[in-house]
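Geometric and topological summary
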Amino acid sequence: MSSAQPDAETLHAAIAMAIRAPSVHNSQPWRWRINRRTVDLYADPGRHLVATDPQQRGLVLSCGAALHHFRVALAMLGWSATVTYLPDSADADHLATVEFAPHEPAPADFELSAAILHRQSDRRRYSSWQIPAGYLRTIASRATHYGAAVRHVPEGLRASLARPAREAAARHAVDHEYQLELAEWSGRRGTPDGVPAVNSPRPQPGEQIPVRAFAEPDLPDRTMHPDAAEWLVVCTAADDRTSRVHAGEAISAALLTATDLGLSSCLQTEPLGLPELRADIRTHVLYDCAYPQAMVRVGWVPTCAAPLPQTPRRPVAEVIDQ
Ligand SMILES: Cc1cc2nc3c(=O)[nH]c(=O)nc-3n(C[C@H](O)[C@H](O)[C@H](O)COP(=O)(O)O)c2cc1C
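Residues numbered from 1 in each chain as written. Predicted model: local features only at pLDDT ≥ 70, side-chain atom pairs only at ≥ 80, totals over all residues.

**Re the nonpolar core**
Of all hydrophobic cores here, the largest spans 82 residues; its most connected members are Cys 63, Val 234, Ala 250 and Ala 254. When residues of this core are sorted by domain, at least three fall in each of domain 1 (8–119) and domain 2 (133–299). With sequence-adjacent residues up to four places away left out, Ala 250 is seen in contact with Ala 143, Tyr 146, Ala 148, Val 150 and Val 234. (Core = buried A, V, L, I, M, F, W, Y, C linked by C-beta atoms within 7 Å. Buried ≥ 20, exposed ≤ 12 C-beta atoms within 10 Å, placed from the backbone. Domains from an automatic or database assignment. Contact = placed C-beta atoms within 7 Å.)

**Things to note about the site of the ligand**
The ligand sits among 22 residues. The nearest are Pro 22, Asn 26, Ser 121, Arg 212 and Thr 311. Put simply, the parts of the chain that give the shell around the ligand at least two residues each are helix H2 (57–76) and strand E9 (264–268). With 4 residues, H2 is the single largest residue contributor to the shell around the ligand. Among the residues forming the shell around the ligand, the class breakdown is 9 nonpolar, 10 polar and 3 charged. Counting residues domain by domain, the shell around the ligand receives three or more from each of domain 1 (8–119) and domain 2 (133–299). (Near = placed C-beta within 6 Å. Helix = DSSP H or I, 4+ residues; strand = E, 2+ residues; numbered from the N terminus. Nonpolar A, V, L, I, M, F, W, Y, C, P; charged D, E, K, R; others polar.)

**Some remarks on the domain arrangement of the chain**
Partitioning the chain into structural domains gives domain 1 (8–119) and domain 2 (133–299). Computed over C-alpha atoms, the centres of domain 1 and domain 2 are 20 Å apart. Facing 35 residues of domain 1, the contacting portion of domain 2 comprises 30 residues. Elements supplying a minimum of two residues to the side of domain 1 that touches domain 2: H2, strand E4 (94–102) and helix H3 (107–118). Looking at which element gives the most residues to the side of domain 1 that touches domain 2, the answer is H2, with 12 residues. Grouping the constituent residues of the side of domain 1 that touches domain 2 by class yields 20 nonpolar, 11 polar and 4 charged.

**Points about the pairing of strand E2 (residues 38–43)**
Both faces of the sheet carry side chains from a regular strand, because those side chains alternate between them. In the sheet, strand E1 (residues 30–34) pairs with E2 via 5 bridges, with the strands oriented antiparallel. Each bridged residue has a counterpart across the sheet, and for Trp 30 the counterpart in E2 is Ala 43. Remark: 3 residues form the turn of the hairpin made by E1 and E2, two consecutive strands paired antiparallel. Where E2 lies against E4, 5 bridges are found, and the strand directions are antiparallel. Looking at the pairing, Val 39 lines up with Val 98 of E4. (Pairing = 2+ DSSP bridges.)

**Regarding the sheet that holds E2**
One open sheet holds the 5 strands; their spatial order is E3-E4-E2-E1-E11, and the pairing between them is mixed. Edge positions in the open sheet fall to strand E3 (79–85) and strand E11 (320–321), since each of these has one partner strand only.

Below you can see the structure in the form of structure tokens.
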């Protein structure tokens, strides 16, 4: 390992970029520790959404996405990262230790780190413009670098995502604990975490695969024509905690690549929080060959769509333990 190390300012800048990562209900369930030669990433169990995400799958995926954002930001700042996953067998919250080496930034590093600043979850309907098949292949191939796969779900197979998504929405509509958590974490106005009301459209009746319903939706969605969105499923060969960190990295790679290509995107994980519905998707979409970790919708927003406000984040100092 080279003796040169990134200075504190560089590491703070990279963590500030990392926390732009998507997280379940914008819970931002991560903590970072800066050491002399390494940075540690921890899951923050105090931000675990127990009713929405009982197995902590979404929590670990969110941290994996932040880890990938961190690597992208570091690469742009001139550092490559070597990651040791789950380095402490006695502490399951210690998800990664990152070591550094000098790196000559490539044009792709600048493109992906610019995408960090532009990516946002756009839950509105997309336009009727088709996505070129090559774009979907590019998204999938960038994500496979991180030990997870991205499967495109062709139209003929979408009913197998739609059925569990509708079933999950119906079950959650009468699940008191889930609804309490949803009300606590969404419909937000002016808070540094949670899903803002202005980023949530009202669920559209008749939508084939419904988006998750959040509290007090306040985002107008006036698109009327058929939506040509495509659906992807991020999946892993195993289903342990390390695989979920990898899946989070792959989700981040897929979303940033989509953003770089000019596409909008959003995640939909509601049915994956319910074990039988997740098993249903594993069988009918992935033929029992892989574990589904997240569903991703990508598409073009109509040119007339109003810009979306960025979702807030907690101050970077709040997530760093010195
Ligand atoms: C693991 C994970 C699961 C998510 N599940 C959903 C979901 O089911 N529905 C949804 O609309 N957004 C989902 N999101 C997106 C978050 O709500 C979003 O990232 C967060 O509110 C921050 O907003 P931003 O992505 O615009 O920065 C998920 C994100 C992650 C990382």
